[in-house]
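# Analysis of the macromolecular model
Okay, here's what each chain looks like letter by letter:
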Amino acid sequence: MNIDPPLALLAEITHRCPMRCLYCSNPVNLEPASRELDTATWLRVLDEAADLGVYQVHFSGGEPTARKDLGELVQHAAELDLYTNLITSGVLLESEDLFRLADAGLEHVQLSFQDTDAAGGDRIGGLKDAHRRKLEVAGWVVDAGMAFTVNAVIHRHNAGRVGEMIELAVELGAGRLEVASVQYYGWGLKNRAYLMPTEQQLDAVTEIVEAARDRLAGVLTIDYVIPDYYARRPKACMGGWGRRFVNIDPSGRVLPCHAATTIPGLTFDTVQDHALEHIWQHSDAFNRFRGTEWMPEPCASCDFREVDWGGCRCQAMALTGDAAQTDPVCSLSPLHESVRVLAEREAGAGTETAVYRGAKKESVLRDLS
Ligand code: SF4
Ligand code: FES
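Owing to the predicted nature of the structure, the values given are computational and were not obtained by experimental measurement.

Per the secondary structure count, the protein chain includes 13 helices and 11 strands. Its C-alpha atoms give the protein chain a radius of gyration of 20 Å, within 12% of the compact-globule value 21 Å for 369 residues. Along the first, second and third principal axes, the C-alpha set of the protein chain runs to 50 × 50 × 45 Å. For the protein chain, the residues scored as buried account for 55% of the 369 residues in total. Once local pairs closer than 6 in sequence are excluded, the contacts in the protein chain between residues at least 24 apart make up 72%. By element, 49% of the accessible surface of the protein chain is carried by carbon and sulfur atoms, the whole surface being about 15,600 Å².

Given below as structure tokens:
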């Protein structure tokens with residue numbers, strides 16, 4: 001099989017993060033700071049990524065600004081002519097940090113907002129005063145002249161405010177807004193019953209987003225990701241396994257996607273043991289679901305098999321217990337109807353309990369604010 005180079009590297013430089021978002025897609029068992037790659041190794045990995053043909057580097061986490069060497073990594077990536085993007089909650093940033101990152105060559109910032117009001121945002125993010133700080137950071141991003149995207153994750157508790165979220169993105173001066181439904185991996189999967197929207201909410205969100213796209217053409221680009229569980233066709237997760245993206249976790253494990261460690265039986269190579277190109281070409285984890293050879297029916301004979309690549313392996317794992325199944329979000333999967341029933345049941349039950357990272361047990365969220 002001819003293997004093209006990856007388009008983008010998602011560099012998860014740390015899992016440390018002061019926020020505790022109820023839908024965090026990081027693994028439930030996080031890598032401790034003591035296992036993080038050192039600066040020299042990340043600099044070498046950036047060299048290897050550029051040599052491999054990577055075009056963009058997304059610095060992510062956890063909260064990537066928790067690492068003191070972020071500026072050095074950004075500068076090195078920029079010197080290698082890699083497009084640099086920072087995916088951040090913003091809550092650890094001071095204005096001088098941001099201007100220093102801009103000077104180092106940072107080109108784009110994706111800043112997450114949990115809601116349009118402080119109480120709702122701080123509650124979902126599990127951190128007091130986070131919303132106010134994010135508003136400040138947005139102003140600095142615009143002042144520093146970097147391309148700016150607002151990331152808004154939509155769920156049952158804020159779907160009614162998607163219109164306000166769009167207005168907020170315009171007011172903040174963002175050029176792009178990502179209205180993304182919760183993806184049910186990591187903490188999102190743990191808190192699925194708390195987060196799942198109803199189908200009526202989803203329809204209303206879709207209507208508002210489509211109207212805003214027309215109204216704001218040329219002002220704000222809106223990307224919209226509907227909840228998988230209500231979709232009829234799966235997303236081409238990661239643009240297809242081992243085709244476009246490579247993830248490196250804080251300890252240096254090279255992963256085909258951020259949730260791949262939830263799939264039992266895969267062996268992940270690390271950048272401490274092998275060069276990135278060797279891993280991209282030869283790693284068992286990358287080759288297991290690359291291309292179409294691995295596919296079961298109905299994918300194997302489906303016209304869309306090179307469009308969505310069978311959907312998401314981690315979702316197939318979470319919903320069927322077998323990562324090699326057709327993603328059951330697909331209407332051609334024999335399990336499709338049960339996914340919709342599950343979504344409607346969880347949304348309809350209206351549970352008010354969820355669990356934060358670090359909490360010993362489930363919390364009733366209305367009592368936490
Ligand atoms: Fe995609 Fe498989 Fe569904 Fe076809 S059957 S649309 S390839 S997930
Ligand atoms: Fe792992 Fe979709 S998140 S393949």
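That was the structure; now back to the text.
Taken together, R233, P234, P298, C299, C302, F304, R305, D308, G310, T326, C330 and L332 make up the full set of residues adjacent to ligand 1. Looking at side-chain class alone, the shell around ligand 1 contains 7 nonpolar, 2 polar and 3 charged residues.

This part is about helix α9 (residues 199–215). Spanning 17 residues, α9 covers 25 Å between terminal C-alpha atoms, matching the ideal 24 Å at 1.5 Å per step. Buried within α9 we find L202, V205, T206, V209 and A212. Looking straight down α9, one finds its buried side chains confined to an arc of 135°; they lie on one side. Opposite the packed face of α9, turned more than 90 degrees from it, sit the exposed residues Q200, E207, D214 and R215. Looking at the buried residues of α9, the elements they touch are β5 (147–154), α6 (162–172), β6 (176–181) and β7 (221–225).

Strand order in the open sheet formed by 9 strands is β7-β6-β5-β4-β3-β2-β1-β8-β9, with mixed pairing between adjacent strands. Where the open sheet ends on each side, the last strands, each with one partner, are β7 and β9 (254–255). Sheet strands in contact with helix α1 (residues 39–52) are β1 (8–12), β2 (56–60) and β8 (245–248), and its direction is about 170° off that of β1. Running over the sheet, α6 touches β4 (108–113), β5, β6 and β7 and is turned about 165° from β5.

To continue, consider the environment of V141. Relative to the elements of secondary structure, V141 occurs in helix α5 (residues 130–143). In the structure, V141 is positioned 31 residues away from Q110 in sequence and 9.7 Å away in space, judged by C-alpha atoms. Aside from chain neighbours lying at most four places away, what touches V141 is L98, V109, M146, A147 and F148.

Counting across every chain of the model gives 4 aromatic pairs. Ring centres 5.3 Å apart and planes at 85° place the aromatic pair W241 and F289 in the edge-to-face group. Of the two residues, W241 is situated in the loop between β7 and β8 and F289 in the loop between α11 (284–288) and α12 (313–320); the sequence distance between them amounts to 48 residues. The rings of W241, F289 and W294 are connected pair by pair, giving a single aromatic cluster. Positioned above the aromatic ring of Y356, the side-chain terminus of R20 is 4.6 Å from the ring centre. The cationic tip of R233 hangs over the ring face of F304; the distance from NZ or CZ to the ring centre is 3.5 Å.

As a further point, take unusual backbone geometry. Cis geometry is adopted by the peptide bond preceding G62, which originates at G61 and carries an omega value of 10°. Relative to the assigned elements, G62 resides in the loop between β2 and α2 (70–79). Positive phi, close to 70°, is recorded for D129, a residue that is not glycine. Within the secondary structure layout, D129 lies in the loop between α4 (118–125) and α5. Overall, the relative accessible area of 33% leaves D129 in the partly exposed class.

The next point concerns the packing of α1 against α2. Two numbers describe how α1 lies on α2: the axes approach to 10 Å, and their chain directions differ by 20°. For the element pair α1 / α2, the angle class is roughly parallel. Regarding α1 and α2, the two cross each other, and that crossing is right-handed. Of α2, the residues touching α1 (which contributes T39, W42, L43, L46 and D47) are E72, L73, H76 and A77. Residues that form the contact of α1 with α2 fall into these classes: 5 nonpolar, 2 polar and 2 charged.

Reading the values: rules and limits
- Residues numbered from 1 in each chain as written.
- Chains lettered and ligands numbered in written order.
- Predicted model: local features only at pLDDT ≥ 70, side-chain atom pairs only at ≥ 80, totals over all residues.
- Heavy atoms only, no water.
- Helix = DSSP H or I, 4+ residues; strand = E, 2+ residues; numbered from the N terminus.
- Rg over C-alpha atoms; globule rule 2.2 N^0.38 Å.
- Buried < 20%, exposed > 50% of the residue type's maximum accessible area, 1.4 Å probe, protein only.
- Contact = heavy atoms within 4.5 Å.
- Areas by Shrake-Rupley, 256 points an atom, 1.4 Å probe, with all protein chains shown as cover.
- Near = heavy atom within 4 Å.
- Nonpolar A, V, L, I, M, F, W, Y, C, P; charged D, E, K, R; others polar.
- Expected span 1.5 Å × (residues − 1).
- Arc of directions from axis to C-beta.
- Pairing = 2+ DSSP bridges.
- Axes fitted to C-alpha atoms, helices over the stretch in contact; angles between N-to-C directions.
- Phe/Tyr/Trp six-rings, centres within 6.5 Å; stacked < 30°, edge-to-face > 60°.
- Lys NZ or Arg CZ within 6 Å of the ring centre and 35° of its normal.
- Parallel < 35°, antiparallel > 145°, perpendicular 65-115°, else oblique.
- Left-handed = near helix turned anticlockwise from the far one by under 90°.

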